[in-house]
Amino acid sequence: MRCASRSDELVFFVNGRKVMERNVDPEGTLLTFLRKNLRLTGTKYACGRGGCGACTVMVSKHDPVSRKIRHFSVTACLMPICSLYGAAVTTVEGVGSIKTRLHPVQERIAKSHGTQCGFCTPGMVMSMYTLLRNHPQPSEEQLTEALGGNLCRCTGYRPILESGRTFCMESNSCQQKGTGKCCLDWGENDSSPLGKKNEICTKLFAKEEFQSLDPTQELIFPPELLRMAENPEKRILTFYGERVTWISPGTLKDLLELKVKHPEAPLVVGNTSLGPAMKSQRQFHPVLLSPARISELSMVTKTSDGLTIGAGCSLAQMQDILAERIAELPEEKTQTYRALLKHLRSLAGQQIRNMASLGGHVISRHCCSDLNPVLAVSNATLNLISAEGTRQIPLNEHFLAGLASADLKPEEILESVHIPHSQKWEFVSAFRQAQCQQNALPHVNAGMRVLLKEGTDSIEDLSIAYGGVGAATISAHRSCQQLLGRRWNELMLDEACRLLLDEVSLPGSAPGGRVEFKRTLVVSFLFKFYLEVLQELKKLVKLFSVADSRHRSEVSDQFLSALEDFPVTIPQGVQTYQNVDPHQPLQDPVGRPIMHLSALKHATGEAMFCDDIPVVDKELFMALVTSSRAHAKIISIDVSKALELPEVVDVITAEDIPGTNGAEGDKLLAVEEVTCVGQIICAVVAETDVQAKRATEKIEITYEDLEPVIFTIKDAIKHNSFLCPEKKLEQGNVEEAFEKVDQIIEGEVHVGGQEHFYMETQRVLVIPKTEDKELDIYVSTQDPAHVQKTVSSTLNIPINRITCHVKRVGGGFGGKVGKPAVFGAIAAVGAIKTGHPIRLVLDREDDMLITGGRHPLFGKYKAGFTNNGRIKALDIECYINGGCTLDDSELVTEFLILKLENAYKIRNLRFRGRACMTNLPSNTAFRGFGFPQGALVTESCITAVAAKCGLPPEKIREKNMYKTVDKTIYKQAFNPETLIRCWNECLDKSSFHSRRMQVEEFNKKNYWKKKGIAIIPMKFSVGFAATSYHQAAALVHIYTDGSVLVTHGGNELGQGIHTKMLQVASRELKIPMSCIHISETSTATVPNTIATAASVGADVNGRAVQNACQILLKRLEPIIKKHPEGTWENWIEAAFEQRISLSATGYFRGYKAFMDWEKGVGDPFPYYVYGAACSEVEIDCLTGAHKKIRTDIIMDACCSLNPAIDIGQIEGSFIQGMGLYTTEELKYSPEGILYSRSPDEYKIPTITDVPEEFNVSLLPSSQTPLTIYSSKGLGESGMFLGSSVFFAIADAVATVRRERDIAEDFMVQSPATPERVRMACADRFTKMIPRDDPETFKPWSIPIA
Ligand SMILES: Cc1cc2nc3c(=O)[nH]c(=O)nc-3n(C[C@H](O)[C@H](O)[C@H](O)COP(=O)(O)OP(=O)(O)OC[C@H]3O[C@@H](n4cnc5c(N)ncnc54)[C@H](O)[C@@H]3O)c2cc1C
Ligand code: FES
Ligand code: FES
């Protein structure tokens, strides 16, 4: 039982206000405390395990050693609340507010368009704010480092960096100045690359407007805390919770005595290892010891032979200490420190480095620890202390393997780590390869050290340790011993590789998979080390004895680039758009880069998301119970143990549903049978979210497994398991054409799925009203009408009793079109059954497990072409993995087939598509809706044709592209003029041809690093292929004070639809945007809405808003005519007096879309968006890593309603597409369980993944009469342009394979992960690794595409 009376008082400050808490739960985190106890909801929950930065806050503490105040960013979701004793916390609310004063960081991120959905924004603000508290004028490198741990799924990061850059020292002039790309570089008579000077704009915000940063205005460190720190409390503080007791001693002596008393109790320091383990592995510790107040653990001692760092020092402090030592000592002594520092720079994000301690890191002995391999090879020792005294143990393979004889005793703690200096003729290096460059756990890492006999190249001592290739860090002791005395040359290398592969053996079924890749890295890293040492030896050549010098190996110039790691660079770029007509009235906002309406509120944390709604009276929480079997009969569900738990109110099963339980084959709650792991079976309702979650583990479900169990597309084809009939389009005579062509190629393309990873997980709050069965539903959805309808049929009550409200959505990307209705309906059943409001907030793991994502695709192509690359016949067959229910799979198949031709005119075409039914969670809508996967097949085919013809791919693309007014495969007429303009513009702006030559030059000179370049055209059709989906409505009220309230059918997902709608209303009514307001989207104000999707939200709703405004203006016309000199307010007053209705419904009937699948003809899309992108990359052939050097995008936005928003959509979707094609990899177990359920395992792009140079241009206007003011919807199209990075990587890999005489026509697999790139660059190392017979082991994961 919690015992508040015995507990000490937890004292800390939040935003300058003192918090005194006696009843604190040691299991609680700062995040829950802020959000629930203090109602500070600006700090967001998005992953709960330190991986996304959405919960970033600043913690300030008095450092007893330096006697200074230390400000550091932390992730509140991992910060134990009890650890804050004596600390000052600053949240986004404490930084600034729109009600009082905005902080420059908040102002700038908003005005630079650094926010879209705004869910990541408070975290970004806090990371930047903390940086500025420490460095008011940071360097760009510090800025990137500070933001490396913050994920954003919307913006593509460029504008966020841009806002931060305005504080940087170097940023006082345009980044492009002097490069010829800056507008200031253009002379009087010059024309810009896109047209006439005055028409083109590159400025999206006015920097001059920004208030300057005044560090004196910041909150001071509370004097009370300073006093507390100067006279530190020495007594033991104890906080008792229901299950856990937190003990924080004030002296080392007390800590050691406590350790004797509680030998099993862990020491909680950063909680970055314990916290996630307690959460996901359900580890439980009844007593936690906190050494936070023990200054002895933070001591740093510089000795003549090395450096002793206190175990309590954070990894960030360690970075500073090492950097300082490196600057002070000669290079030869700092080899180990350099190696450690290199790894520390890419270990996690800044927040985790600020929290995690060296002691916690070493003692956790994670199998992929970045520091332990380096510490192990460099003979580091651990200084242990207990009540009995002190002793030292080596940090060696025995300790790392956890051998009891080499480990800490239960009553001992780690006091410090001693790291010896390196010496002359000694070389230490560190290597790591992860899914992406920064903020990603390594797949494999290594520490390597060699000591050569003075003046020779013979090995006196050698140590090599690897992480990621076993359950712990593995030391290759045996191999190293055998190599002693050998000379550092090729012979030794060969022998070393052989020995290492034998000693560091990894079974085919090893956890984490990627076995062959890991084996290859083991030897590739050694090769890199070998070269590095050779290179160092070259510098020491003078010291060699003559005999040794003669036979010494050297690094050839071609190999030198293998030595360099890709640096973290700060992206640069220009965004170009067409300015508004100079005659356009200043007050008319259309076409101007207006800031997102909610941007300032996003930046201050005042923007309310679904879960930020305060707790409602008698509210209960819901947690879901999901299937652990892929295909099974449910024999029984025993809920009794769950119901016995305190605070548990009820368990909701299918039997509780008063109306319809979903659709046949797609039940809301499973009945009798489950068809995938993650299928919802029932839901627990409890008084707290923690208790509801705990109770789900007590529900016992017995299953009987059923056959067949199908996960892969291959198996689905074998079992003829499909969700819907085949979709097919054909033109010309494909078979006949194949007979007449010069060459034919066939190939396969596998495209992995994609997780939406919207930062705000699925959430809903259902409030039952007391009268007439009414329900209010607050939900994060793209389609409130669908939620409303589903709840109505589930509860069997009319639709008119249910009101769905959507204020804003923290990212959707298609993932919140269908699924929110399921969660809404289940929560509504709970609300009706219990009579209480129900809040359902999915945690990240459940969200990723349950909701499905983009369909994985398997495509086969056959192309017939002439020797000069003209494709005469193309036959493509695609299969998508739809999962266990239909969901949107039929529509996705249709779209896929309709869009497969992309930009190409091929006379004889056949496209076929099928959606496979498998025992995986159902896949659903995702930005681009099949196009990003399908068009990759088409483009891969084109690339393969180019290779066969011996021509560059861009030539084949150009040759086969639509050139004149034509008809698509489904006979829709269109004019490709803009497509050609985009292509040419892109070739020109990117200086494609000269850069292609430079790439070739580079490749000739470098063997282990290769560059690749690719340009991709795009014809993207927007809209739904059904007429009824193109309608929209709006409701506009003018109130008697002249203020206007607009409601429309679109939902604010971050794409700025509300901002655009106000721009429309402002133009139509001729009043400033500030007079107009949008409160929310609600099914009560605009009924029967269509999902906000398919890029047409602003198009159709804009027309509806326009219509309503025009109706109102027409009504006001007589009054205005009579009093033209009057003000808006006068006219409204007069209208009211004259009984003129000041409310109007606007309606847009929409585009008549149709598609006749029988005949294969139709007019399914209102218009196309055209674009082109060119990307250049460099790959490391030894590790598979890549660096994005440059991307140029040209997009046809027609007459953009808001260029800042549209450029934001293009950049954001491009980066999301880049993630799809390079790093985002879903991993499933052979039992169909999704492994990748957190940002640790699933890597979306981070700030360091943005191309080093990233230019986006909107093509000067073309016309689209169908849309509002001739604008175009750009929500999805940029996604596919991310494939230019994929094809640039493929180009580099193809060069490698050509150079090494390996067949070029290998299977195309997306994403182009480091694993795939490395294994495709076959070499002597890939050849030497052992390969397992697939029949002899069970792999850790299975490919499902
Ligand atoms: C999002 C995220 C990303 C990460 N990325 C990386 C990465 O890229 N590379 C990498 O190597 N690591 C990574 N990590 C792991 C991280 O480095 C470790 O979790 C961290 O160093 C552990 O330190 P801590 O202070 O938080 O330990 P805690 O979680 O507080 O404690 C961990 C363990 O250490 C013990 N302990 C702590 N101090 C002492 C002591 N003085 N004496 C005895 N026992 C002690 C505790 O009893 C406990 O069992 C990541 C972690 C997170 C959350
Ligand atoms: S919610 Fe804390 S880091 Fe993601
Ligand atoms: S704005 Fe960054 S996640 Fe949406």
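Residues numbered from 1 in each chain as written. Chains lettered and ligands numbered in written order. Predicted model: local features only at pLDDT ≥ 70, side-chain atom pairs only at ≥ 80, totals over all residues. Heavy atoms only, no water.

Within an unreviewed UniProt entry, the label attached to the protein chain reads aldehyde oxidase, and the organism entered is Macaca fascicularis. Taken verbatim from the UniProt record of the protein chain, the Subcellular location (unreviewed entry) comment is "Cytoplasm". Recorded under Catalytic activity (unreviewed entry), the UniProt text for the protein chain is reproduced unchanged: "an aldehyde + O2 + H2O = a carboxylate + H2O2 + H(+)". (UniProt positions renumbered as here; feature names shortened; annotations may be inferred.)

Before going further, it helps to spend a moment on the sheet that holds strand β27 (residues 743-751). Spatial ordering of the open sheet is given by β26-β34-β33-β32-β27-β48, a layout of six strands whose pairing is mixed. Strands with a single pairing partner mark the edges of an open sheet, and in this sheet they are β26 (727-731) and β48 (1308-1310). Taken over all neighbouring pairs, the strand axes of this sheet differ in orientation by 10° on average, direction set aside. Pairing of β27 with strand β32 (residues 857-865) involves nine bridges; the strand directions are antiparallel. Of the residues in β32, the one forming a bridge with V749 is G859. Here helix α29 (residues 931-949) sits on the sheet in contact with β27, β32, β33 (871-883) and β48, set at roughly 40° to β32. (Pairing = 2+ DSSP bridges. Helix = DSSP H or I, 4+ residues; strand = E, 2+ residues; numbered from the N terminus. Axes fitted to C-alpha atoms, helices over the stretch in contact; angles between N-to-C directions. Contact = heavy atoms within 4.5 Å.)

Looking now at the nonpolar core. Ranked by size, the top nonpolar core spans 217 residues in total, and within it Y466, W488 and I1179 carry the most contacts. No other element matches the 14 residues that helix α18 (residues 515-539) contributes to this core. Filtering out sequence-adjacent residues up to four positions away, I1179 remains in contact with F566, W1008, K1009, K1010, A1185, H1186, I1289, A1292, V1293, V1296, V1317 and C1321. (Core = buried A, V, L, I, M, F, W, Y, C linked by side-chain atoms within 4.5 Å. Buried < 20%, exposed > 50% of the residue type's maximum accessible area, 1.4 Å probe, protein only.)

Among the ten residues that make up strand β46 (residues 1186-1195), ten are buried, leaving the element largely enclosed by the rest of the structure. With six bridges connecting them, β46 and strand β47 (residues 1253-1258) associate as parallel partners. Its bridge partner being in β47, M1195 is matched across the sheet by L1258. Handedness of the β46-helix α36 (residues 1203-1222)-β47 crossover: right-handed. (Right-handed = clockwise from strand over helix to strand, strands pointing away.)

Before going further, it helps to spend a moment on the confidence of the model for the protein chain. With 97% of its residues at a pLDDT of 70 or more, the protein chain has an overall mean of 95. Across residues 172-197 the pLDDT falls below 50, and counting only partners more than four positions away or on other chains, this stretch makes 42 contacts in the model. (pLDDT = per-residue confidence, 0-100.)

Further remarks concern the UniProt feature "binding site: [2Fe-2S] cluster 2" (unreviewed entry) in the protein chain. Mapped onto this numbering, the UniProt entry annotates "binding site: [2Fe-2S] cluster 2" (unreviewed entry) at C117, C120, C152 and C154. Spatially, the listed residues are clustered: although they cover 38 residues, their C-alpha atoms lie within 9.4 Å of one another. Its location among the elements puts C117 in the loop between α3 (104-111) and α4 (121-134). Its relative accessible area of 3% is what places C117 among the buried residues. Contact partners of C117, with chain neighbours within four places excluded, come to C154, H602, F609, V809, G810, G811, L1053 and G1054.

Let's shift gears to the sheet that holds strand β15 (residues 426-434). Taken in spatial order, the four strands make up an open sheet running β15-β16-β17-β18, and their pairing is antiparallel. The open sheet has two edge strands with one neighbour each: β15 and β18 (474-475). Examined bridge by bridge, β15 and strand β16 (residues 442-452) share nine bridges and lie antiparallel to one another. Residue A430 lies in a different strand from β16, and its bridge partner there is G447. In this fold helix α11 (residues 335-346) packs onto β15 and β16, with an angle of close to 10° to the strand it touches most, β15.

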